[in-house]
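Notes for the structure review
The chain contents come next:
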Amino acid sequence: MADNATTKSTYAGQGGLPRLPIPSLEETLERFINTVSTLLSSEEKDACKKEVENFRHNDGPKLQKLLVEYDEKGRSEGTLGSFVEEFWSDAYLAPDSSVVMNLNPFFVLEDGPDNKKSKDQSGRAASLCFSAIKFASSLKKETIVPDAFRNQPLCMDQFKALFGASRVPKIGERDAVEVDPESSHVVVLQNNQMYFFQALGPDGSVCVTEQDICEILAAIKTDATKLPPDITSRNSLGVLTTLPRKEWAAARNLLLSTSQHNETAFDVVDTALFVLVIDDVKPKDIHEAAANMLHGTYDLRSRDDLIDYQAGSCCNRWYDKLQLIICSDGRAGINFEHSAIDGHTALRFVSDIFADNVVSFAQSITKTIYQDHDGMFPSIIQAEVRSATDCVIPKKLTFELPQQILDKIYYAETALSDQIVASETYVLEFTGYGKTLIVRNKMSPDSFVQLSMQLAHFRLYGKIVSQYEPVLTKGYYHGRTEAMRTATEKAATFCRTWLNPHATDEEKLKSLREATVYHSARIKDALMGKGIERHLFALKCIADKNNIPTPDFFSSKAYQKLNHTILSTSNCGNPSLRLFGFGPVVQDGFGIGYIIRDDGLQYSISSKHRQTKRFAHTLKQTLIDMGKLLQPLSSLKVECSATVKPDLAKETAEYLEAYCDTYGEGPQLSDLLRSRSPAVSFDEPLAATPRTASAGFARVLQKQSSISLKRLSSFGIDITPLEGNRKKLVEE
C-alpha cells in the first residue's frame, strides 16, 4: 500500500490532494437512467424518464447551484473536505439502528507465522496487541509511511480517527465520533469484564513490551475467571452498544448521571486506543469464526434453577470502538466502527501489525546470526519502546449499575440474541482458480467476481437485482467511496445469455467479456469522481439543509429500487486476511465480502432469513461453470522474447488494475491528475485544530483529553501482577 523507502511524514501529502469534483447535473441524470434501467419494468422506465426530466428542468438546477456554492464556501473557509463529507457522515451517524450486523465490518486474520504462538491465545493476543500499540505510537509521532498508489498520495485523514476514537450516542441528536489525541491506554474485555493498562508514555513512546503484555493478560485472566459467566453476563455493559442508538444514548445518559465514578469509567473506555477482546470461544469451523467476528457467538445455557443466561461471546464486545478480537485457539480478527474510517484504512492497520509479527518471527530465527542488524530484517513499525513499572499493572474497570441498567442489559442481550438467531454467515472458499487465470484470459478479476454474484442470484431467483460495490476515492482530499452498481445492461445481457439453453459457449463468453469491460469502465468513472450516487445523495441533503421540500424524484420508484441493495458487496485483497465481511444492508439482502487471491476466491456471505448456504452453493457452481469457458493456464503460450511488447504490457495492466474499491487495489492514478480539481491550497490542512463548520458539523471531534495519566493511574482496581513483573522505571 505504501512505499517503505519514503521518509515522508504521515500527513505530508494532504495539502497536495485535489478536491472531489462535483459532476454536472446533466451527466449524473443521464447515467442514472442507464444505471437503474435493468431494475425497472417498461412502464417504470417510462415513468423514470419523465421524473428525471421534471427534476432536470425544475428542482435539479437550483439544488446543483446550492451544492456548488456550499462546496466553494467550505473550501474557502477550510471547514469541509468535500461536497459530500458532511452528508455522508450523517448517513452513518444519524440512523437509530444498531451498528451490529448493520454497519460494523469484520476481518479474520490469517494464522501467524509462528505456529506455536499462533495457536496460543495469550501469545497471539500479546504479539498483535504489541504491534498495534507500536503502530499507534508511530501514528502519534506521524512516522507511519503515508498510503500511496503508483507514487500518488492517498488521503490519510481517516487515520486521525483510528485510535482513541469512540462513537458516542447523544440525546436528541445524531451520534458523534470523538477522538482523544492524547490516548495512551488499552482496554481489555474478558468474560464480560473490563480492564485497562497503560501502553504509551507521555511522549508517545511505547511503555510495555510484548512480554509485559503476556503477563498483563495472564493476570487479567486469573481475575476474570473468578466469576462464572452466569454472573458476569448480567453485568455485561458492552451489550448496550448493540442497542438502537437512541436507547443506548438514554441508558448511557442514565449511567453518567448516576455517579462521578461512571463518568470517569466512560472516559477510560472512550479514550482508549482500542479494545482488546479475549474470547472464551473456539470456533468449530470457518463459518463460526466469521460469525464470531461479525456479532459474537450465541450460547444460551441454563442454571440449576432453570434460569437462562447468555454464555456466548456476543456480550463480550464494545462496538463503538476498534476491537482486536482473539479466540481461545489463537484465531484473530477485528471488528471496527465504520462511521469515521473505511476498510482501506483498517486494512492498512491490520496489514502492518500482521507484517510486523512476521518480521519479528523472522528476526527471532536469525538474531543469533545477525546480532547487530535486527536479524537482518528491519521492523515494519518503527517505534521507541521503554518499559516501566506503573505501565504494566493492569486495572479492573467497574461501573455502578442501578437496577434499571441491569434490566436494560438483559433486554439488550435478548434483542441481540434474536438478531443472531435470525442471521446466518456462510463462507465459500473457492480454490478452482483465481486472479491469475482470470487475468491471463484478459478480464478484470474484480469485474469477473462481481458478475459471478449477480449471475448466481439470477440462477437462484430469476431476477436482476440492485448490487452495490464501493469504489475508493481516497485519491481526493477527505475522499471516501463512490458507488458502482453492477446490474448494468451488459450484466443483464450476460445473465440472460448464460441461462439461455440455446446460447453457445462462444456467445456466453462474448457476453461475459463485454460485461466485464463495461463494469471496469464504470469503476474508473467512479474513481475519477464521476459516479452518480454521492452526487444525487448530496443534492437530496442540500435541499434538506436549506429547508427545501424533498423533490419527488427522490421518492420515485426508480430511485428507491436503485437504493434497495439486495447484493451489498465489497472487495478486500490482502495476504494478511483470510476473510472479511459485513451484514446485509436491507432485510431481504445479502452482505458479501470477498477476497481475490492468485489461485482462489474467498467469499463471506451474511443474510437474515435468506438461504445463505444455498446461495453460496449456487455461487460455487456458477464459478465452476464460468471457469469452464476460460482458457486453462496450461494451454497459454509463453513468448520467447527478451522484451515485453508495450501494448501487451499496457493490456495486462488494464486487466490487473481495472478496478478500485473500498478494501482492494486500484487503477493507475497518475493519469487522473490532469482531469481532477485543483489541490488544496495549504500545506497541513486542519492538522493542529479540530474541524468546525456551520450547523455544528464536524466529521471527527477532537476533544480535550478528560483523563490525565495521573488520574488514569489512580483509577480502577489493581490486578496483582505476576511475580517478577514489577520493573523499575527506565530513565530517559
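Preceding this section is the structure that the text describes.
Glancing now at the overall build of the protein. Within the protein, the secondary structure is distributed over 22 helices and 22 strands. A burial count over the protein gives 58% of its 732 residues as buried. Of the roughly 30,000 Å² of accessible surface on the protein, 51% is carried by carbon and sulfur atoms.

The full count for this structure, using the stated rule, is seven cavities of 30 Å³ or more. With three residues, strand β4 (residues 165-168) is the single largest residue contributor to the lining of the largest cavity. Partitioned by chemical class, the residues of the lining of the largest cavity number nine nonpolar, one polar and four charged.

A word on the pattern of salt bridges. Inspection of the entire model under this criterion finds 40 salt bridges. A network of salt bridges, in which partner residues are shared, links Arg167, Asp175, Arg245, Asp320 and Glu337.

Pairing in this open sheet of six strands is mixed, and the strands run β14-β20-β19-β17-β15-β16 from one edge to the other. Because the sheet does not close on itself, it has two edges, and the strands there are β14 (423-430) and β16 (481-485). Across the sheet, the mean angle from the axis of one strand to that of its neighbour is 20°, orientation sign disregarded. Bridging between strand β19 (residues 590-596) and strand β20 (residues 601-608) involves seven bridges; their strand directions are antiparallel. In the strand pairing of β20, glycine 591 is matched with serine 606. Where helix α11 (residues 286-295) meets the sheet, it contacts β14 and β20, and its direction lies at approximately 130° from that of β14.

For the rest of this paragraph, the subject is the pairing of strand β7 (residues 193-198). β7 sits mainly inside the fold: six of its six residues count as buried. Taking every second residue as pointing to the same face, both faces of β7 are buried, with Gln193, Tyr195 and Phe197 on one and Met194, Phe196 and Gln198 on the other. In this sheet, β7 lies alongside strand β6 (residues 185-190) in antiparallel orientation, the contact comprising six bridges. Bridge assignment links valine 186 to a residue of β7, and that residue is phenylalanine 197. As consecutive antiparallel partners, β6 and β7 are separated by two residues, and within that stretch asparagine 191 has a phi angle of approximately 50°, a positive value.

Moving on: the packing of aromatic side chains. Scanning all chains against the criterion turns up 27 aromatic pairs. Ring centres 5.6 Å apart and planes at 75° place the aromatic pair phenylalanine 135 and phenylalanine 349 in the edge-to-face group. With a gap of 214 residues between them, phenylalanine 135 in helix α6 (residues 121-140) and phenylalanine 349 in helix α12 (residues 343-366) connect regions that are remote in the sequence. Here the two residues phenylalanine 135 and phenylalanine 349 agree in accessibility, since each one is buried. Pairing phenylalanine 266 with tryptophan 318 gives two aromatic rings, centres 6.5 Å apart and planes at 55°, and the pair type is tilted. Taken together, the positions of phenylalanine 266 in helix α10 (residues 260-270) and tryptophan 318 in the loop between β10 (308-310) and β11 (323-326) put the pair 52 residues apart, joining distant regions of the chain. Counting every residue linked through ring pairs, the aromatic cluster contains Phe32, Phe55, Phe553, Phe554 and Tyr559. Over the face of the ring belonging to phenylalanine 266 we find arginine 252, whose NZ or CZ atom lies 4.4 Å from the ring centre.

Close contact between helix α9 (residues 245-258) and α10 brings their axes to 7 Å; oriented N to C, the two are set at 125°. On the basis of their axis angle, the class for α9 and α10 is oblique. Along its contact with α9, which presents Trp248, Arg252, Leu255, Leu256 and Thr258, the element α10 presents Asn262, Glu263, Phe266 and Asp270. Of the residues belonging to the contact of α9 with α10, the class tally is four nonpolar, two polar and three charged.

Compared with the 22 Å implied by 1.5 Å per residue over 16 residues, the 23 Å span of helix α2 (residues 42-57) between its first and last C-alpha is a close match. Within the sequence span of α2, burial applies to Cys48, Val52, Phe55 and Arg56. For α2, the buried positions fall inside an angular range of 100° around the axis, keeping them on one side. Among the exposed residues of α2, those pointing more than 90 degrees away from its buried face are Ser42, Glu43, Lys50 and His57. Tucked inside the fold, the buried residues of α2 contact α1 (25-36), α3 (59-77), α18 (533-545) and α19 (557-563).

Now for the environment of leucine 25. With respect to the secondary-structure elements, leucine 25 resides in helix α1. When its relative accessible area of 9% is taken as the criterion, leucine 25 is described as buried. Note: C-alpha distance between leucine 25 and glycine 60 (35 residues apart in sequence) is 7.2 Å. Not counting chain neighbours up to four residues away, the residues in contact with leucine 25 comprise Phe55, Arg56, Gly60, Pro61, Gln64, His535 and Leu539.

Roughly 1,200 Å³ of internal volume is contained in the largest pocket. What lines the largest pocket is a set of 39 residues, and nearest its centre among them are Trp88, Ala91, Tyr92, Asn102 and Val585. At the level of elements, α4 (85-93), β15 (467-472), β16, α18, α19 and β17 (567-571) are the ones that each hand at least two residues to the lining of the largest pocket. The class makeup of the residues in the lining of the largest pocket is 17 nonpolar, 15 polar and seven charged.

Cut-offs applied
- Residues numbered from 1 in each chain as written.
- Predicted model: local features only at pLDDT ≥ 70, side-chain atom pairs only at ≥ 80, totals over all residues.
- Heavy atoms only, no water.
- Helix = DSSP H or I, 4+ residues; strand = E, 2+ residues; numbered from the N terminus.
- Buried < 20%, exposed > 50% of the residue type's maximum accessible area, 1.4 Å probe, protein only.
- Areas by Shrake-Rupley, 256 points an atom, 1.4 Å probe, with all protein chains shown as cover.
- 1 Å grid on protein atoms, 1.4 Å probe; cavity = no way out; pocket = protein on both sides within 12 Å on 5 of 7 lines; lining within 4 Å.
- Points joined across faces, edges and corners; volume = space filled by probe spheres on them.
- Nonpolar A, V, L, I, M, F, W, Y, C, P; charged D, E, K, R; others polar.
- Salt bridge = Lys/Arg side-chain N within 4 Å of Asp/Glu carboxyl O.
- Pairing = 2+ DSSP bridges.
- Axes fitted to C-alpha atoms, helices over the stretch in contact; angles between N-to-C directions.
- Contact = heavy atoms within 4.5 Å.
- Phe/Tyr/Trp six-rings, centres within 6.5 Å; stacked < 30°, edge-to-face > 60°.
- Lys NZ or Arg CZ within 6 Å of the ring centre and 35° of its normal.
- Parallel < 35°, antiparallel > 145°, perpendicular 65-115°, else oblique.
- Expected span 1.5 Å × (residues − 1).
- Arc of directions from axis to C-beta.

Don't take any of this as a statement about function, it's just geometry.
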